[in-house]
Amino acid sequence: MNTLRRTFLKTAGGAGALAIAATAGLLKSGQAWAATWNKSAFESKAMADALKGLGATNMIDSKDITITAPDIAENGAVVPVAVTSKIPNTQSISILAEKNPFPLAATFDISSGGDSYVSTRLKMGQTSDIRVVVKADGKFYTAAKEVKVTVGGCG
Amino acid sequence: MAEPMKIRATLQGDVADVRILMLHPMETGQRKTGSGIVPLHFIQSVVVTHNGKTVLDAQWSQAVSRNPFLGLRVKSAKAGDKIAVTWTDNKGDKRTDEATVAAP
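Reading guide: rules and limits
- Residues numbered from 1 in each chain as written.
- Chains lettered and ligands numbered in written order.
- Predicted model: local features only at pLDDT ≥ 70, side-chain atom pairs only at ≥ 80, totals over all residues.
- Heavy atoms only, no water.
- Helix = DSSP H or I, 4+ residues; strand = E, 2+ residues; numbered from the N terminus.
- Buried < 20%, exposed > 50% of the residue type's maximum accessible area, 1.4 Å probe, protein only.
- Areas by Shrake-Rupley, 256 points an atom, 1.4 Å probe, with all protein chains shown as cover.
- Salt bridge = Lys/Arg side-chain N within 4 Å of Asp/Glu carboxyl O.
- Contact = heavy atoms within 4.5 Å.
- Buried area = accessible area lost by both parts, 1.4 Å probe.
- Polar contact = N/O pair within 3.5 Å; in protein donor to acceptor, adjacent residues only side chain to side chain.
- Nonpolar A, V, L, I, M, F, W, Y, C, P; charged D, E, K, R; others polar.
- Pairing = 2+ DSSP bridges.

Things to note about the overall build of chain A
Helix and strand counts for chain A come out as 3 helices and 9 strands. Across chain A, helices and strands are ordered from the amino to the carboxyl terminus as α-α-α-β-β-β-β-β-β-β-β-β. The burial tally for chain A puts 43% of its 155 residues in the buried class. Entry remark: accessible area of chain A is about 8000 Å², with carbon and sulfur atoms responsible for 56%.

A short note on the environment of Met124(A)
Examined against the element boundaries, Met124(A) turns out to sit in the loop between strand S7 (114-122) and strand S8 (128-136). Separated by 18 residues in the primary sequence, Met124(A) and Thr142(A) place their C-alpha atoms 19 Å from one another.

A closer look at the pattern of salt bridges
Residue and element names in this part refer to chain A. Evaluated as defined, the whole model comprises 7 salt bridges over all chains. With a shortest N-O distance of 3.3 Å, Glu98 and Arg131 are connected by a salt bridge. Here Glu98 is found in the loop between strand S5 (90-97) and strand S6 (104-110), whereas its partner Arg131 is found in strand S8, with 33 residues between them in sequence. According to the relative accessible area criterion, Arg131 is buried, its value standing at 18%. In this structure, the salt-bridge partner of Lys148 is Glu146, at a minimum N-O distance of 3.5 Å.

What to know about the interface of chain A and chain B
When the parts come together, some accessible area is lost, and that loss is often what is quoted as the size of the interface. Across the contact, 37 residues belong to chain A and 39 residues belong to chain B. Buried area between chain A and chain B, summed over both chains or domains, comes out near 3300 Å², and the portion from carbon and sulfur atoms is 52%. The interface formed by chain A and chain B includes 0 salt bridges. The interface formed by chain A and chain B includes 19 residue pairs in polar contact (both at pLDDT 80 or more). Secondary-structure elements contributing two or more residues to the side of chain A that touches chain B are helix H1 (3-31), S6 and S7 of chain A. Considering each element in turn, the side of chain A that touches chain B owes the most residues, 8 residues, to S7(A). Grouping the amino acids of the side of chain A that touches chain B by side-chain chemistry returns 20 nonpolar, 12 polar and 5 charged. With 5 bridges connecting them, S6(A) and strand S6 (residues 53-60) of chain B associate as antiparallel partners. The residue bridging Asp109(A) from the neighbouring strand is Asp57(B), located in S6(B).

What follows is the structure in structure tokens.
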């Protein structure tokens, strides 16, 4: 039994599946979600690119954004995060986990009837900052909170 | 196909506190099994409406947890108002569920 050959086949199989998934994702998002799903931002692997994809270039640090998340998350697969924005005319709230393979986790577009509060649960690969970007009146505000992760949620 | 969502909406003053639990595997495309990598499968968009009017339009990545939870508040709500939630995943699956706002 040639172990090298085994490893090679395994890796090739994995890469193939990934490529198919990527193609399927590409086609679908091209058809149906081109208008809403922010592909460039969601598929960015670096924080800076994700922020650029959101259009958030000049961000202002804000104390009016409250991030409720645990200081230490025992399970990275389920990290509860709640965000409240007291900034008037909040249009959207984006949540990013800085060291995730794809930092942008979620964007919430809030219409006038909604309150500027969202709460959800995220996966985090490792200890990092959770950064929240709030868009209000065309300007971008930001805040961050560090969450220590004991067991990563990517596996 | 997709399992029904659990939606709970309770009135607090004139704000409805809405909690939604969706049942979805939310595969990251990174998890390995014996035969290779489990392909990406995640909810991409969630739309919440209040009496037919959109209040929240969320776009998600695979970083949202398995069986996602979403909490939000809807302003100027009354008991009996309809809250409808629709999600769409990257494979084109869709699911819509509705709930009424309950008095506290």
